[in-house]
Amino acid sequence: MSDGFWRAPADFFSLVLILVAGVELGLIGLFGFSLVAWLFGSWRPLVYDAVGASAIWQIFRQRFG
């Protein structure tokens, strides 16, 4: 396997999570409704952690990749 083999799925997954975060923030700002809380309930902090990790992943990919 090449070094970049696992990067494409990780990049796609992190992009999806960042887009979900954008929609989430838009819904909270416009309507006061949290889609993540509605869908995931008590698992919400894990989703937010995954979004944060995805943002960090993308920052390092754009800066150093």
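Further up the page is the structure itself.
Below, the structure is looked at part by part. All figures in this text were calculated on a predicted structure; none of them were measured in a lab.

Rules used throughout
Residues numbered from 1 in each chain as written. Predicted model: local features only at pLDDT ≥ 70, side-chain atom pairs only at ≥ 80, totals over all residues. Heavy atoms only, no water. Axes fitted to C-alpha atoms, helices over the stretch in contact; angles between N-to-C directions. Helix = DSSP H or I, 4+ residues; strand = E, 2+ residues; numbered from the N terminus. Parallel < 35°, antiparallel > 145°, perpendicular 65-115°, else oblique. Left-handed = near helix turned anticlockwise from the far one by under 90°. Contact = heavy atoms within 4.5 Å. Nonpolar A, V, L, I, M, F, W, Y, C, P; charged D, E, K, R; others polar. Salt bridge = Lys/Arg side-chain N within 4 Å of Asp/Glu carboxyl O. Buried < 20%, exposed > 50% of the residue type's maximum accessible area, 1.4 Å probe, protein only. Phe/Tyr/Trp six-rings, centres within 6.5 Å; stacked < 30°, edge-to-face > 60°. Lys, Arg positive; Asp, Glu negative; His and termini not counted. Polar contact = N/O pair within 3.5 Å; in protein donor to acceptor, adjacent residues only side chain to side chain.

Packing of helix α1 (residues 7–31) against helix α3 (residues 44–64) leaves a shortest axis separation of 8 Å and a crossing angle of 125°. Considering their axes alone, α1 and α3 lie oblique with respect to each other. Our pair here, α1 against α3, has a crossing hand that is left-handed. Residue-level contacts link R7, A10, D11, S14, L15, L17, I18, A21 and E24 of α1 to Y48, A50, V51, S54, A55, W57, Q58 and R61 of α3. Residues of the contact of α1 with α3, tallied by class, amount to 10 nonpolar, three polar and four charged.

What follows concerns the pattern of salt bridges. This model, assessed by the stated rule, comprises one salt bridge. Its salt-bridge partner being D11, residue R61 comes within 2.9 Å of it at the nearest N-O pair. Here D11 lies in helix α1 and R61 lies in helix α3, a separation of 50 residues in the sequence. By relative accessible area, which is 23% here, R61 ends up partly exposed.

Bringing the packing of aromatic side chains into the picture now. Aromatic rings in a pair are described by how distant their centres are and how their planes are angled relative to each other. Here the structure, examined in full by the defined rule, presents one aromatic pair. Between F33 and W38 the ring centres are 6.2 Å apart and the planes differ by 55°, which places this aromatic pair in the tilted class.

We now examine the side chain of E24. Looking at the element boundaries, E24 is found in helix α1. Summary of buried charges: E24 has no salt-bridge partner, and the nearest side chain of opposite charge, R44, is 6.8 Å away. A polar contact of 3.0 Å, which involves the side chain of E24, links it to the backbone nitrogen of V36. Those residues within four positions of E24 in sequence are excluded, and the remaining contacts are F33, S34, L35, V36 and Y48.

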